[in-house]
Amino acid sequence: LSKNEFGGNIPEGLEECTGLKKLRLNNNILVGSIPEWMGDLDELRELLLATNRLSGPIPEELGELTQLNQLTLEFNEITGKVSTDLCDYNVMRLSADCEGANAPVECECCTACCDSNGCVQLSGVSATARTAGLG
């Protein structure tokens, strides 16, 4: 579903797709907030939401996605903190707008932090430590 110029909110009907393993909604023009019910999609392994017009806080419920191995949130208008529960899982790719001192997103275990200039790949240093100049 990526790169299709889909607009509007993330469809509520996806909430019923409990066996969904991959949800690739990146590179569209989706608006609104990330729904809390996304944390109920227990089988989800990939959640790609980058490069949309999503806004609002990152739902804490995303931390309940224990099977998740990819989460992309960058290049949106979202704010807040990525759940530290995700740091305990085998998330191989986790990216958000967490680059720089005034970053809108706080992420302790992101593998890439982004801003308007692009993304910086992180290796073994948490985004929080990097922003604080410790990495």
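The structure this text deals with has already been given above.
The following paragraphs examine the structure supplied in this document. Every value quoted in this text rests on a predicted model; they were computed, and no experiment measured them. Numbering of residues begins from 1 in every chain and follows the order in which that chain's sequence is written. Where totals are concerned, whole chains, interfaces and linings use all residues; where local detail is concerned, this predicted model gives features only for residues with pLDDT of at least 70, and gives and counts side-chain atom pairs only at 80 or more. Only hydrogens and water are removed before side-chain values are computed, so all heavy atoms of the structure are retained for them.

What about the state of the cysteines?
Thinking step 1. Disulfides are defined in this document as cysteine sulfur pairs within 2.5 Å. Under the defined criterion, the tally for this structure stands at four disulfides.
Thinking step 2. In this model Cys87 forms its disulfide with Cys109; the gap between the sulfur atoms is 2.2 Å. Given an S-S torsion of about -85°, the disulfide between Cys87 and Cys109 has left-handed geometry. Remark: Cys109 occurs in the loop between β9 (105–106) and β10 (112–115) and Cys87 occurs in the loop between β7 (77–81) and β8 (93–96); sequence separation between them is 22 residues.
Thinking step 3. Covalently, Cys107 is tied to Cys110 through a disulfide, its sulfur atoms 2.1 Å apart. Here Cys107 and Cys110 share a disulfide; its torsion about the S-S bond, 100°, makes the bridge right-handed.
Thinking step 4. Take the cysteines of the chain that form disulfides and number them in order along the sequence; they join up as 1-4, 2-6, 3-5, 7-8. A run of DSSP states H or I qualifies as a helix once it reaches four residues; a run of E qualifies as a strand once it reaches two. Both are numbered from the N-terminal end.

Some thoughts on the nonpolar core
Thinking step 1. Here, nonpolar core means buried Ala, Val, Leu, Ile, Met, Phe, Trp, Tyr and Cys residues that are tied together by side-chain atoms lying within 4.5 Å of each other. Categorising residues by exposure relies on relative accessible area from a 1.4 Å probe, with only protein chains included: less than 20% of the type maximum marks a residue as buried, more than 50% marks it as exposed, and the intermediate range marks it as partly exposed. Within the largest apolar cluster, 31 residues are counted, with the highest numbers of intra-cluster contacts made by Ile10, Ile34, Met38, Leu47, Leu49, Leu73 and Val82.
Thinking step 2. Contacts are residue-level and defined by heavy atoms, with any inter-residue pair within 4.5 Å sufficient. The contacts of Leu73, once residues within four sequence positions are left out, are Ile34, Leu49, Ala50, Ile58, Ile78, Val82, Ser95, Ala96 and Asp97.

Comments concerning the side chain of Glu46
Thinking step 1. Note that Glu46 resides in strand β4 (residues 46–48).
Thinking step 2. Pairs of N or O atoms are called polar contacts if they sit within 3.5 Å, as long as, within protein, a hydrogen donor faces a hydrogen acceptor (for residues adjacent in sequence, only side-chain-to-side-chain pairs). Among the polar contacts listed, one links the side chain of Glu46 to the side chain of Gln70, at a separation of 3.3 Å.
Thinking step 3. If near-sequence neighbours (up to four positions away) are discounted, Glu46 is found in contact with Lys21, Lys22, Leu23, Arg24, Leu68, Asn69 and Gln70.

Focus: the sheet that holds β4
Working definition: the strands of a sheet are paired by backbone hydrogen bonds and lie parallel or antiparallel to each other.
Thinking step 1. Spatial ordering of the open sheet is given by β2-β4-β6-β8-β10-β11, a layout of six strands whose pairing is mixed. Among the strands making up the open sheet, the edge pair consists of β2 (22–24) and β11 (118–121). Sheet twist, expressed as the mean angle between neighbouring strand axes with direction ignored, is 15°.
Thinking step 2. Direction of pairing for β8 relative to β10: parallel, over a ladder of two bridges. Counted as the bridge partner of Ala96 is Cys113 from β10. For two strands to be treated as a pair, DSSP must find at least two bridges joining them. Note on method: axes are straight lines fitted to C-alpha atoms, helices fitted across the in-contact stretch only, with angles between N-to-C directions ranging 0 to 180 degrees.

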